[in-house]
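Given next are the chains, with one letter for each unit.
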Amino acid sequence: MHRKLFILALCLLPLWAAAIDVRKKGGTMSPQDISADSLLKDADTLFKKRQYPAALDAYHRVVDTAREEFNYSVETEALAQIARCLLIAGKTDEGREYLTRAEQRANVTDPMGWTRYLSVKGRFAWKADSLEAARETFTEMYSFCEEHSLWGRMVDAANMMAIVSEKLDDQVAWSHKGIEAAENGGEEQLLGPLWNNLGGAYFDNKQYDSALECYLKARDYHWRFSDETAKLFADYHVGMTYRLIGNVAEAGKWLRPVLAWAERIENHSAIAQSLQDLGEVDIALGKKESGLAQLKRAREEFITAGYDKSAPDILKSLNDRIAELEK
């Protein structure tokens, strides 16, 4: 049920780009002082915050400025990122047009442009369910990044390999390569999502003890480096996994504060998920009526969060569970 959250965490790892400082005159900045490099950095910041429409506009400005500067490396990165924004928006055909333009500009002698192009090329293959092609691209990207000590993008390549790998052993191996790259590159802020994603691989394979170990490590890093929402879900994953291990008392200790926190910040997805798990905790403790009531509340919250459109399979599973309990 929760795999989409893990994939989301994987896909939205921060992007790393070479950037030079904006030139300043007298402590102020004029329009002609704004370089393509600095504009790319700003666009990447918007993308990292998931402000995709704004990021798309910003990348278009980067392309225009890069052309004026004959900065082919930055132009390549921006074209690739325009393609990625369009892919996220579901405009795959239009995105492929920009990916082709990025490919025409990309050059293996330009490490930043080349790796950005590969990262988006692999994602297009992944979304098209061409997993073998995606694995070839991300393996190439990983090796190239390793050769050029591009640690942040090496992490991205390793974790995309974990996504497109079909066997648990491969997912685990690539996840550990990503963790090692982050540690070697001093990218500690990435370790929360990385450990979280490895926990997701174990969770999907019902290896809940291993998943819990990963989630606890992920929580440590999220609480050091991540925003409030990431911290909230870090705690939720721990409680959720305690429940599935069978330690419902410990699960309740984690999940009740998560629910209160989620209600305070009005995160309906987190409210729904914590209610569903707390409902199952009550049912396991013999409190069927209370548990069923919480499952019904969870259903309402899932609908408020848009799951009836974005993840109908999750809602169907919950409805089936409610129907089973009402017999």
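Everything that follows concerns the structure shown earlier in this document.
Source: prediction; values computed, not measured. (Residues numbered from 1 in each chain as written. Predicted model: local features only at pLDDT ≥ 70, side-chain atom pairs only at ≥ 80, totals over all residues. Heavy atoms only, no water.)

Engineer: Residues and numbers for the overall build of the protein, please.
Structural biologist: Scanning the protein for helices and strands turns up 17 helices and zero strands. Taking the contacts inside the protein whose residues are at least 6 apart along the sequence as the reference set, 58% of them involve residues at least 24 apart. Per element, the accessible surface of the protein, about 15700 Å² overall, is 49% carbon and sulfur. (Helix = DSSP H or I, 4+ residues; strand = E, 2+ residues; numbered from the N terminus. Contact = heavy atoms within 4.5 Å. Areas by Shrake-Rupley, 256 points an atom, 1.4 Å probe, with all protein chains shown as cover.)

Engineer: Would you mind going over the side chain of Asp235 in detail, with residue names and values included?
Structural biologist: Within the element layout of this structure, Asp235 appears in helix H12 (residues 228-245). Within polar-contact distance, the side chain of Asp235 engages the side chain of Trp223 at 3.2 Å. Ignoring anything within four residues of it in the chain, the contact list for Asp235 reads Arg219, Trp223, Trp254, Val258 and Trp261. (Polar contact = N/O pair within 3.5 Å; in protein donor to acceptor, adjacent residues only side chain to side chain.)

Engineer: How would you sum up the packing of helix H4 (residues 72-88) against helix H6 (residues 111-127)? Please name residues and give values.
Structural biologist: Working note: a packed helix pair is described by the angle between its axes plus the distance between those axes. Axis separation between H4 and H6 bottoms out at 8 Å; the angle between their running directions is 20°. Judged on the interaxial angle alone, H6 and H4 are roughly parallel. Pair H4 / H6 crosses with left-handed handedness. Touching Ser73, Thr76, Glu77, Ala80, Gln81, Ala83, Arg84 and Leu87 of H4 are Met112, Gly113, Arg116, Tyr117, Val120, Arg123, Phe124 and Lys127, all from H6. When grouped by side-chain class, the residues that make up the contact of H4 with H6 number seven nonpolar, four polar and five charged. (Axes fitted to C-alpha atoms, helices over the stretch in contact; angles between N-to-C directions. Parallel < 35°, antiparallel > 145°, perpendicular 65-115°, else oblique. Left-handed = near helix turned anticlockwise from the far one by under 90°. Nonpolar A, V, L, I, M, F, W, Y, C, P; charged D, E, K, R; others polar.)

Engineer: So what about the packing of aromatic side chains? Which residues, and what values?
Structural biologist: In the structure shown here, the tally under the stated rule is seven aromatic pairs. Across from the ring centre of Trp126, 4.5 Å away, lies the NZ or CZ of Lys127, which sits over that ring. A cation over an aromatic ring shows up here: Lys231 above the ring of Trp223, its NZ or CZ 5.5 Å from the ring centre. (Phe/Tyr/Trp six-rings, centres within 6.5 Å; stacked < 30°, edge-to-face > 60°. Lys NZ or Arg CZ within 6 Å of the ring centre and 35° of its normal.)

Engineer: Quick rundown of helix H13 (residues 248-265)? Include the residues and the values.
Structural biologist: Counted at 1.5 Å a residue, the expected span for H13 with its 18 residues is 26 Å, and the 25 Å between its end C-alpha atoms agrees. On its buried face, H13 is in contact with helix H11 (208-225), H12 and helix H14 (268-284). (Expected span 1.5 Å × (residues − 1).)

Engineer: Can you explain the packing of H11 against H12? Please cite residues and give values.
Structural biologist: Interaxial distance between H11 and H12 falls to 9 Å at its minimum, and their mutual angle equals 160°. Taken together, the axes of H11 and H12 lie roughly antiparallel to each other. Here H11 and H12 pass one another in a crossing that is left-handed. Between H11, through Tyr208, Asp209, Ala211, Leu212, Tyr215, Leu216, Arg219, His222 and Trp223, and H12, the contact on the second element is made entirely by Ala230, Lys231, Ala234, Asp235, His237, Val238, Met240, Thr241, Tyr242, Leu244 and Ile245. Here the residues of the contact of H11 with H12 sort into 13 nonpolar, three polar and four charged.

Engineer: Requested: an account of helix H10 (residues 191-204), with residues and values cited.
Structural biologist: Every α-helix winds through 3.6 residues per turn, so residues three or four apart in the chain are directed the same way. Helix length check: H10, at 14 residues, gives a terminal C-alpha distance of 20 Å against a target of 20 Å (1.5 Å per residue), a fit within 8%. In terms of residue burial, H10 counts as a mostly covered element, since 13 of its 14 residues are buried. Among the residues trailing H10, Lys206 stands out with phi positive, at a value near 60°. (Buried < 20%, exposed > 50% of the residue type's maximum accessible area, 1.4 Å probe, protein only.)

Engineer: Report on the pattern of salt bridges, specifying residues and quantitative values.
Structural biologist: In total, this model carries 20 salt bridges according to the counting rule given. Across the pair Arg135 and Glu132 runs a salt bridge, and its minimum N-O distance is 3.1 Å. Within this pair, Arg135 and its partner Glu132 are both found in helix H7 (residues 131-148), separated by three residues, close to a single helical turn. Between Arg321 and Glu280 there is a salt bridge; the shortest N-O distance is 2.9 Å. Remark: Glu280 occurs in helix H14 and Arg321 occurs in helix H17 (residues 312-326); sequence separation between them is 41 residues. (Salt bridge = Lys/Arg side-chain N within 4 Å of Asp/Glu carboxyl O.)

Engineer: Run through the environment of Ala89, naming residues and quoting values.
Structural biologist: With respect to the element layout, Ala89 can be found in the loop between H4 and helix H5 (92-105). Here Ala89 falls in the exposed class, since its relative accessible area comes to 52%.

Engineer: Give a detailed account of unusual backbone geometry, specifying residues and quantitative values.
Structural biologist: Even without a glycine there, the phi angle at Lys206 is positive, about 60°. Relative to the elements of secondary structure, Lys206 occurs in the loop between H10 and H11. One non-glycine residue with positive phi stands out, namely Glu266, at about 60°. Using a relative accessible area of 60% as the deciding quantity, one classes Glu266 as exposed.

Engineer: With reference to specific residues and values, describe the environment of Trp151.
Structural biologist: Structurally, Trp151 can be placed in helix H8 (residues 151-164). Each C-alpha atom, one on Trp151 and one on Glu180, is 9.6 Å from the other, the two residues being 29 residues apart in sequence. Every residue in contact with Trp151, bar those within four places of it in the chain, is listed here: Ala181, Asn184 and Gly185.

Engineer: Before we move on, can you summarise the side chain of Arg153 with the specific residues and values?
Structural biologist: Mapped onto the elements, Arg153 comes out in helix H8. Arg153 sits in the buried class, given a relative accessible area of 6%. Here the side chain of Arg153 touches Glu77 through a polar contact of 2.7 Å, side chain to side chain.

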